[in-house]
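Below are the chains, spelled out letter by letter.
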Amino acid sequence: MTRDRLYRIMQPEAPGRAARTLRGVHHAIVALGIGILLADTEAQMRQAYDTGLDVAFHFVCLFFAAEYAARLVAAPSAPGEHRPAWRSRLAWALSLGGVFDLLGALPGLLDIQFGRGYASLFGFVWVFKLIRYSPGLTSLRRVISDARHALLSVLLGFGIVLLAAASLAYLAERHAQPQAFGSIPAALWWAIATLTTTGYGDVVPHTLMGRMLAGVVMVSGILVFALWAGILASGYAEETRRRAFLRTWDLVAKVPFFHNVGAAVIAEVTRLLRPRDFPARAFIIRRGEPGDCMYFIVSGEVEVRLRPEARRLTAGDFFGEMALLSGAPRSASIVAVTPCTLLSLDIVHFRELLGRQPELARAIREEARRRESADAQARRREPAGLRRTDQPVPTASEASDS
Ligand code: CMP
């Protein structure tokens, strides 16, 4: 196996059977490792299955050590790596992923030095190996990183309120309860339990001033957490929008119709288009219905049911523009022949785009005119007896059914 292929199949979202099998085995071994960790702390289990647990533990350690070695070997094949191989490997070993993978090999190393009883207690580090495979946790990391300034400001506010609360509680309560509030560090325990709204109740203020202060601190605690939740929620919404934008951008870039337009136009078009997936045989457009959007084909094939003969459109083509331009009902039904990924442009955005991008507008209008005259010619050529334009063309399967 080449180093490039090894690198590819170890990527979290790599397609292909080998990559999927490797992921399945990896996750099963993480689960096995966690199972061993839990079983090892149960005296009865340890007594009953000591040898089995021992063998399984060594197997898990060996697997993660091999994974670390394989990732280290494959590191120079990362996209954009032009450094000498040893430097790429060092950079990977020092990266977050590399450090977590080294931690995954830690129980095996501890086992060599101190034996399994001690080493298996560190098996909890294996659960961190799943982070790489969870897009949700990757998003969370990005959300926290993007919102770090706002989150740190709230944290600073939290610290200020905490210290002020402990100092005031010390002033109010130090004579009434010298044990619990005899110093500001001692009062901090009460302040943190109150500000986080945990309220253990082991230390409570006795004086009137102390109780009034407690009320203010509790409300402040709720406000602080509401702020944190708000920052994270808007960060998540932003991240979801960003991911959707990137996916649409990727799809737009695949449509040849947009190949010759600049990045600024692609960015504008991406904002207006919505990706949509259709299964094979789904009706995308029905003849005679009012037009509300047009489509660009990213992948797959559709059939335009025209008389006398149907037409096929594939990746890069567009359809549904005629009804939007003329205001007339849909001129033909369109059915997905294979599973399709399309980009839809609704009528409001269609008008906006035509107004702002004259080049695209001209290309779409010209194609609509060409199709219209081709359809008119085809209708004229059709024998009068067959001219029932309200009927869609039957598909091959419909024709054979009837
Ligand atoms: P619209 O009339 O909105 O809905 C049906 C669509 O079929 C139409 O827009 C065109 O996009 C498409 N269409 C009509 N005639 C042809 C043709 N001759 N070749 C390819 N596509 C067509």
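Undergrad: Would you take a moment to explain the site of the ligand for this structure?
TA: Taken together, 14 residues form the shell around the ligand, and within it Arg311, Gly320, Glu321, Arg330 and Asp375 come nearest. In this structure, Arg371 approaches the ligand through a side-chain N or O atom, which is 3.1 Å from an oxygen atom. When the ligand sits alone it has 460 Å² of accessible area, and the protein chains cover 98% of it. Elements with a contribution of two residues or more to the shell around the ligand: α14 (321-326) and α16 (358-381). Residues of the shell around the ligand, tallied by class, amount to 7 nonpolar, 2 polar and 5 charged.

Undergrad: Help me out: how do you make sense of the side chain of Gln177 in this one?
TA: By the secondary structure assignment, Gln177 is in the loop between α9 (148-173) and α10 (178-181). The buried category is assigned to Gln177, whose relative accessible area is 13%. From its side chain, Gln177 meets the backbone oxygen of Val204 in a polar contact 2.7 Å long. Discounting residues that sit within four places of it in the chain, Gln177 has contacts with Gly182, Val204, Pro205 and His206.

Undergrad: Which parts of the structure should I look at to understand the packing of aromatic side chains?
TA: Two descriptors summarise a pair of aromatic rings, namely the distance from one centre to the other and the angle between the planes of the rings. Enumeration over the complete set of coordinates arrives at 17 aromatic pairs. Ring geometry for Trp189 and Tyr200: centres 5.7 Å apart, planes at 15°, overall stacked. In this pair, Trp189 sits in helix α11 (residues 184-195) while Tyr200 sits in the loop between α11 and α12 (208-254), placing the two residues 11 residues apart along the sequence. With centroids separated by 5.3 Å and ring planes inclined at 80°, the aromatic side chains of Phe257 and Phe258 adopt a geometry described as edge-to-face. Phe258 matches Phe257 in its accessibility class, with the two residues each being buried. Here the aromatic cluster, defined as three or more aromatic residues joined through ring pairs, consists of Phe57, Phe63, Phe64 and Trp126. Against the face of Tyr170 rests Arg174, its NZ or CZ located 5.3 Å from the ring centre. Between the NZ or CZ atom of Arg371 and the centre of the ring of Phe318, over which it lies, the distance is 5.1 Å.

Undergrad: Sorry, what's going on with the sheet that holds strand β6 (residues 318-319) here?
TA: Strand pairing in a sheet relies on backbone hydrogen bonds. The paired strands run either parallel or antiparallel. Spatially, the 4 strands line up as an open sheet ordered β1-β8-β3-β6, and their pairing is antiparallel. Looking at strand neighbours, the two that pair on one side only are β1 (274-278) and β6, the edges of this open sheet. Relative to β6, strand β3 (residues 293-299) runs antiparallel, the two being bridged by 2 bridges. Looking at β6, one finds that Tyr295 is bridged to Phe319. Of the strands in this sheet, β3 and β8 (340-346) are in contact with helix α15 (residues 347-356), which crosses β8 at around 75°.

Undergrad: Hey, could you run me through α16 in this one?
TA: For an α-helix, the turn length of 3.6 residues means that residues three or four places apart are oriented alike. The end-to-end C-alpha distance of α16 is 35 Å, a good match for the 34 Å that 24 residues give at a rise of 1.5 Å each. Buried residues of α16: Leu360, Ala361, Ile364, Ala368, Arg371, Asp375 and Ala378, and no others. Buried positions along α16 lie against α13 (263-272), β3, β5 (311-313), β6, α14 and α15.

Undergrad: Would you explain the environment of Ala264 in this entry?
TA: Along the chain, Ala264 falls in helix α13. The sequence separation of Ala264 and Leu171 amounts to 93 residues, and the corresponding C-alpha distance is 62 Å.

Undergrad: What am I meant to see in the sheet that holds β5 here?
TA: In spatial order, the strands read β2-β7-β4-β5; together these 4 strands make up an open sheet with antiparallel pairing. Both edges of this open sheet fall to β2 (283-285) and β5, since each of them pairs with a single strand only. Averaged over all adjacent pairs, the angle separating strand axes in this sheet is 30°, with direction ignored. Here strand β4 (residues 302-305) pairs with strand β7 (residues 333-336) via 4 bridges, running antiparallel. Directly across from Val302, in β7, lies its bridge partner Ala336.

Undergrad: I would appreciate a short explanation of the packing of α15 against α16 in the present structure.
TA: Relative orientation and spacing of two packed helices are given, respectively, by the angle between their axes and the distance between those axes. Remark: α15 packs on α16, axes separated minimally by 5 Å, with the N-to-C direction vectors making an angle of 115°. Comparing the axis directions of α15 and α16 gives the class roughly perpendicular. Between α15, through Phe350, Leu353, Leu354 and Arg356, and α16, the contact on the second element is made entirely by Pro358, Leu360, Ala361, Ile364 and Arg365.

Undergrad: I keep staring at the layout of surface pockets and nothing clicks. Help me out?
TA: Empty space left among the atoms is revealed by rolling a probe the size of a water molecule over them. Size it by volume and the largest pocket reaches roughly 830 Å³. Within the residue set of the lining of the largest pocket, elements represented by two or more residues are α4 (50-74), α5 (85-94), α6 (96-114) and α8 (135-146). The element contributing the most residues to the lining of the largest pocket is α8, with 6 residues. Among the residues making up the lining of the largest pocket, the classes are represented as 17 nonpolar, 5 polar and 7 charged.

Cut-off values and rules
Residues numbered from 1 in each chain as written. Predicted model: local features only at pLDDT ≥ 70, side-chain atom pairs only at ≥ 80, totals over all residues. Heavy atoms only, no water. Near = heavy atom within 4 Å. Polar contact = N/O pair within 3.5 Å; in protein donor to acceptor, adjacent residues only side chain to side chain. Areas by Shrake-Rupley, 256 points an atom, 1.4 Å probe, with all protein chains shown as cover. Helix = DSSP H or I, 4+ residues; strand = E, 2+ residues; numbered from the N terminus. Nonpolar A, V, L, I, M, F, W, Y, C, P; charged D, E, K, R; others polar. Buried < 20%, exposed > 50% of the residue type's maximum accessible area, 1.4 Å probe, protein only. Contact = heavy atoms within 4.5 Å. Phe/Tyr/Trp six-rings, centres within 6.5 Å; stacked < 30°, edge-to-face > 60°. Lys NZ or Arg CZ within 6 Å of the ring centre and 35° of its normal. Pairing = 2+ DSSP bridges. Axes fitted to C-alpha atoms, helices over the stretch in contact; angles between N-to-C directions. Expected span 1.5 Å × (residues − 1). Parallel < 35°, antiparallel > 145°, perpendicular 65-115°, else oblique. 1 Å grid on protein atoms, 1.4 Å probe; cavity = no way out; pocket = protein on both sides within 12 Å on 5 of 7 lines; lining within 4 Å. Points joined across faces, edges and corners; volume = space filled by probe spheres on them.

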